[in-house]
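Residue-level listing of the chains:
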2 protein chains.
Amino acid sequence: MNEKILSELTVSGEGKIVFLILDGLGGLPYGERRETELEAAQTPNLNALAKDSICGLLDPLGPGLTPGSGPAHLALFGYDPFQYNVGRGLLSAAGVDYPLDPEDLYARVNFATLDGEGLVTDRRAGRLDTEENRRLAEVLTARVSLPGGIGFRLVTEKEHRALLVLSGKGLSPELAETDPQKTGVFPLAPRALIPEAQKTAGILTEMLGQVRTILAEEKRGNMILLRGYAKHHPFPGFRERYRLSALAISLYPMYRGIARLLGMEVLGEVSTLEEEFAALAANFEGYDFFFLHVKTPDARGEDGDYAGKVKAIEEVDRFIPEVRALNPRVLVVTGDHSTPAALKGHSWHPVPALLYSPACLPDDVSSFGERPCLKGGLGILPMKDLMALALAHAGRLAKFGA
Amino acid sequence: MNEKILSELTVSGEGKIVFLILDGLGGLPYGERRETELEAAQTPNLNALAKDSICGLLDPLGPGLTPGSGPAHLALFGYDPFQYNVGRGLLSAAGVDYPLDPEDLYARVNFATLDGEGLVTDRRAGRLDTEENRRLAEVLTARVSLPGGIGFRLVTEKEHRALLVLSGKGLSPELAETDPQKTGVFPLAPRALIPEAQKTAGILTEMLGQVRTILAEEKRGNMILLRGYAKHHPFPGFRERYRLSALAISLYPMYRGIARLLGMEVLGEVSTLEEEFAALAANFEGYDFFFLHVKTPDARGEDGDYAGKVKAIEEVDRFIPEVRALNPRVLVVTGDHSTPAALKGHSWHPVPALLYSPACLPDDVSSFGERPCLKGGLGILPMKDLMALALAHAGRLAKFGA
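Criteria and thresholds
- Residues numbered from 1 in each chain as written.
- Chains lettered and ligands numbered in written order.
- Predicted model: local features only at pLDDT ≥ 70, side-chain atom pairs only at ≥ 80, totals over all residues.
- Heavy atoms only, no water.
- Pairing = 2+ DSSP bridges.
- Helix = DSSP H or I, 4+ residues; strand = E, 2+ residues; numbered from the N terminus.
- Axes fitted to C-alpha atoms, helices over the stretch in contact; angles between N-to-C directions.
- Contact = heavy atoms within 4.5 Å.
- Buried area = accessible area lost by both parts, 1.4 Å probe.
- Salt bridge = Lys/Arg side-chain N within 4 Å of Asp/Glu carboxyl O.
- Nonpolar A, V, L, I, M, F, W, Y, C, P; charged D, E, K, R; others polar.
- Buried < 20%, exposed > 50% of the residue type's maximum accessible area, 1.4 Å probe, protein only.
- Core = buried A, V, L, I, M, F, W, Y, C linked by side-chain atoms within 4.5 Å.
- Right-handed = clockwise from strand over helix to strand, strands pointing away.

**Student:** Lay out the sheet that holds strand β2 (residues 53-59) of chain A in plain terms, naming residues and giving numbers.
**Tutor:** Residue and element names in this part refer to chain A. Judged by pairing direction, the sheet is mixed, and its eight strands sit side by side in the order β9-β8-β10-β1-β11-β12-β2-β13 without closing on themselves. Each edge of the open sheet is held by one strand with a lone partner, namely β9 (265-267) and β13 (379-382). Taking each pair of neighbouring strands and ignoring which way they run, the sheet shows an average axis angle of 25°. Of the pairings in the sheet, the one linking β2 to strand β12 (residues 351-356) comprises six bridges and is antiparallel in character. Bridged to L57 within β12 is P352.

Quick look at the structure:
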């Protein structure tokens, strides 16, 4: 489907839409267990909701492709995940709530350790602790001084990870990464990939020389490695594209960052699942669209903790009645991708999904799980197409053609 | 699928194809009823046919998109509904059986009422009766006189609706609509949207001034509002594209008009459902392809009349045995889109479909309805792909590649 046509058909309306996203929801059998995590979980409220809903599986990027969190969420929100692929540096910037500026150049930084000859001995500087990271970042931000009025800032993320921000006119992200991805070799040069990036390459070369000098006496973390250069190309946001005022509720900065990239307002002050759902209810009158993000199924999946992921899903089930009581016109429950405990990481498997609406045609699915959903009325749907269905069921899409 | 490849593979043959189109067939549960209209209908003959057929759901435009009648029928007949989007003015022209000319500019007209200052007080002139419409259209056609040899004609449709035809060289449809879509404001100017349309905009401005003067003394309908400007870009028709001679049988001019746009012959003299089916039998030897259009399910759906739509479907069921007795190589029964009584209008929901042919692989569907069809062998199929399946089952498509 053409995204431009969709946007042109969007009309204002009253119907509210809730996307309840269980990160990494999709799963697999594990050891002796034949059920997936969702199938094994006791979810009476989700099952009852599934009975009144149209169900199916969402394919995030197409058969066999495993998405990162960025592309997966873009697809959920109806953005072509290939066209709008977000550079890692930009996700880092969004993730630390850095105020984005289209002039800035962002990059993902690892503190690393070099030996006396300048060869990389540890690409993560022994997973430097976050406080050490903060000290080094402050020293560098204070002392690096670049020519031509280019601003330099290093922002701590966690452990060995940081965000580089260069600010100034005419910076280009078309540069080679300096992380060699292995040890015993020199860091790579920040070579220009296109002629227009030569000035930026020169600035980065100068910068890396200063960093090397300033950090020379550090035992761990005496250098930085760069990758994922990115600039912020502002997206057509939810309001512009869908005429929706949107609120994002998440405990994690990265998801708040993605939401902010799409023009959602972001609720910062929540710190528990209870508070997330309470915030949904408290803000329900104020917005058209709600993105409520639950991190724990993905985290337990990444840990390889099948029972933990089952429990994380069951914890969400308890809140379903209070979401239904808000009476949204559309309630979607799904994930951004699968994170099977059996694989300890993101995977390509399509994600179970349900869409409840008074205007939906309920199918025969009466239990929310991967295999029941396979028989649902949505079939196996490209994840990017979910948003159009949500808008349609909310009464927010005009007819196409006479 | 590539339409060009399909056309190149088409071969002549003997197998006849019947498309029995129940307009607005797809439905939804209604109030206490869990069944859709089709599921609730007593359709022993359609159920028996489904048993011998391959079944599924057709998605007219893609997830969430609700089609107008034009795009929906284009998709049914294998034409990309976005590429071949037909302007409303052209549908009006086809709908009143106006002889189409690629030089003509068509527009959809509303008679409207303005107050003494020229503000719109009624966009439909109190739903003017058709005879009044005819009188005004004749007066205007006789008296409006445009410069540069441009011909003017106003053709009555029904109530407040009419068709404007301007004829002459170099007319452009790239103009702003003059219908302001609300009352208490002036009609809009027919502004050129591209530089090449400035001459046409000038002609329309002159024309609207004359119309205002000629109708000045009318109490209701003292002005016309324009929208849906369109020219006729001749389509590659059924014969050229599919090597099919096609006959359209419909009680309604608009559907006959769409069929004529696609190069079908059109039967004009039918006025009841019985006559439509009798005409199919009477003309069965003379054509390869038959489009038999039944309007009532859509009309009852638009009325919000669930029981009436059920009955309309049941009335069609009676005729199935006599269609089967004609022994077509392919018999398709489906709709152009859904019109659930619960929504009182067209909707985005996929439409149940069956394709009967001696060459089909019957699935396990033994009852014709939305949810049974979900388990059918066609799956959820883009509506545009139906035509290729019909051609294949009729023995009218060659092998691709060696």
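Okay, back to it.
**Student:** Go over the interface of chain B and chain A with me, naming the residues and quoting the values.
**Tutor:** Between chain B and chain A, the residue contacts involve 29 residues of the former and 27 residues of the latter. Together, B:P63, B:L65 and B:W348 form the three largest contributors to the area buried by chain B at its contact with chain A, with a combined 26%. Across the contact surface, chain B and chain A share two salt bridges. Contributions of two or more residues to the side of chain B that touches chain A are made by α4 (69-76), α5 (88-95) and α14 (370-373) of chain B. It is α4(B) that provides the largest number of residues to the side of chain B that touches chain A, a total of three residues. Counted by class, the side of chain B that touches chain A contains 14 nonpolar, ten polar and five charged residues.

**Student:** Explain the pattern of salt bridges to me, and be specific about the residues and the numbers.
**Tutor:** Opposite charge on two side chains permits them to pair, given that their charged atoms come into close proximity. Residue and element names in this part refer to chain A. Overall, the coordinates contain 44 salt bridges over all chains when judged by the stated rule. A salt bridge links K295 to D298, with the shortest nitrogen-to-oxygen separation between them at 3.0 Å. Exposure remark for K295: the relative accessible area of 17% places this residue in the buried category. Overlapping salt bridges, with partners in common, bring together E3, R241 and K384 in one network.

**Student:** Run through the nonpolar core, naming residues and quoting values.
**Tutor:** Within the largest apolar cluster, 101 residues are counted, with the highest numbers of intra-cluster contacts made by A:F19, A:F77, A:F238, A:M264 and A:F289. It is helix α15 (residues 386-393) of chain A that provides the largest number of residues to this core, a total of seven residues. When residues no more than four places from it in sequence are discounted, the contact partners of A:F289 are A:I17, A:F19, A:F77, A:F238, A:L244, A:S245, A:A246, A:L247, A:M264 and A:M387. In this structure, B:L46, B:Y106, B:A279 and B:L331 belong to the second largest nonpolar core, which totals 94 residues.

**Student:** With reference to specific residues and values, describe the pairing of strand β8 (residues 246-249) of chain B.
**Tutor:** Residue and element names in this part refer to chain B. Of the two faces of β8, the one carrying A246 and A248 and the one carrying L247 and I249 are both buried. Examined bridge by bridge, β8 and strand β10 (residues 289-294) share four bridges and lie parallel to one another. Across the sheet, residue L247 finds its bridge partner in β10, namely F290. Across three bridges, the pairing between β8 and strand β9 (residues 265-267) is parallel. For L247, the partnering residue across the bridge sits in β9 and is E265. In terms of handedness, the path from β8 via helix α9 (residues 253-261) over to β9 forms a crossover that is right-handed.

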